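# Working through the structure, step by step
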Amino acid sequence: PVAARALNDEISRQIYPRLRLPSGADVEKLVALLDVKLDRSGAVIGTPQVIDVKGITDSNRPQVALYKERAVQAVLQASPFQNLPPQYYEQWHWLSPLTVYARKAQ
């Protein structure tokens, strides 16, 4: 799709400064896959759902629940997302999966 990568970059740019990682070994390996719906203003509709978490190891397993919670919080705190072109609403109104990489947290 046109501008899909630019849209993903823009959304990511707004999420990662808000992502607070739990402390622990291998936490940076975690990747949350979220199901997020947005209205035309870029605001999250309802609560994002966690579809899956990848990168789970024996070391970071105790942090998985907290990471899922923090990934959802980061998306909610970034809402409403800015700079999403209205003409591409069909491409960004339902982000599934929205991939949140722990290693990209700032």
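Above: the structure in question.
Residues numbered from 1 in each chain as written. Predicted model: local features only at pLDDT ≥ 70, side-chain atom pairs only at ≥ 80, totals over all residues. Heavy atoms only, no water.

### Section: the overall build of the protein
Heads up, the condition is: Numbering goes from the N terminus for both helices and strands, where a helix is a DSSP run of H or I of at least four residues and a strand is a run of E of at least two. All accessible areas in this document rest on Shrake-Rupley with a 1.4 Å probe, and a residue is counted as covered only by the protein chains that are shown.
Across its full length, the protein holds three helices and three strands. Each helix and strand of the protein, ordered N terminal to C terminal, gives the series α-β-β-α-α-β. Its C-alpha atoms give the protein principal-axis dimensions of roughly 45 × 25 × 20 Å. Counting every atom, the protein has about 6000 Å² of accessible surface; 50% of that belongs to carbon and sulfur.

### With respect to the environment of Tyr-89
Filter applied, for reference: For every residue, the accessible area obtained with a 1.4 Å probe (protein chains only) is divided by the maximum for its type, and the residue is called buried under 20%, exposed over 50%, and partly exposed between those limits. The contact rule is simple, with two residues in contact once any of their heavy atoms fall within 4.5 Å.
Of note, Tyr-89 is situated in helix H3 (residues 89–92). Classification of Tyr-89 as buried rests on a relative accessible area of 13%. In sequence terms Tyr-89 and Gly-42 are 47 residues apart; their C-alpha atoms lie 9.1 Å from each other. Excluding its chain neighbours within four sequence positions, the residues that come into contact with Tyr-89 are Leu-38, Asp-39 and Arg-40.

### Thoughts on helix H1 (residues 4–15)
As a reminder, the rule being used: Expected span of a helix, by definition, is 1.5 Å for each gap between consecutive residues, and there is one gap fewer than residues.
The first and last C-alpha atoms of H1 sit 17 Å apart over twelve residues, in line with the 16 Å expected at 1.5 Å per residue. What H1 keeps buried is the set Leu-7, Glu-10, Ile-11, Ser-12, Gln-14 and Ile-15. Packed against the buried residues of H1 are helix H2 (64–78), H3 and strand S3 (94–101).

### Description of the environment of Val-36
Along the polypeptide, Val-36 turns up in strand S1 (residues 31–37). Along the backbone, Val-36 and Leu-76 are 40 residues apart, and their C-alpha atoms lie at a distance of 9.7 Å. Ignoring anything within four residues of it in the chain, the contact list for Val-36 reads Val-44, Pro-48, Val-75, His-93, Trp-94, Leu-95 and Leu-98.

### Some points on H2
Here H2 contains 15 residues, and its C-alpha end-to-end distance of 21 Å stays within 8% of the 21 Å for a straight helix at 1.5 Å per residue. The inward-facing, buried residues of H2 abut H1, S1, strand S2 (49–54) and S3.

### Looking at the packing of aromatic side chains
Heads up, the condition is: Centres within 6.5 Å are what make two rings of Phe, Tyr or Trp a pair, Trp counting through its six-membered ring; a difference in plane orientation under 30 degrees is then read as stacked, over 60 as edge-to-face, and the rest as tilted. We count a charge as sitting over a ring when the NZ of a lysine or the CZ of an arginine lies within 6 Å of the ring centre and within 35 degrees of the ring normal.
A complete count under the given rule lists one aromatic pair for this structure. Just above the ring of Tyr-101 sits the side chain of Arg-103; from NZ or CZ to the centre is 4.7 Å.

Note that every value here comes from positions in space, so none of it alone points to a role or purpose.
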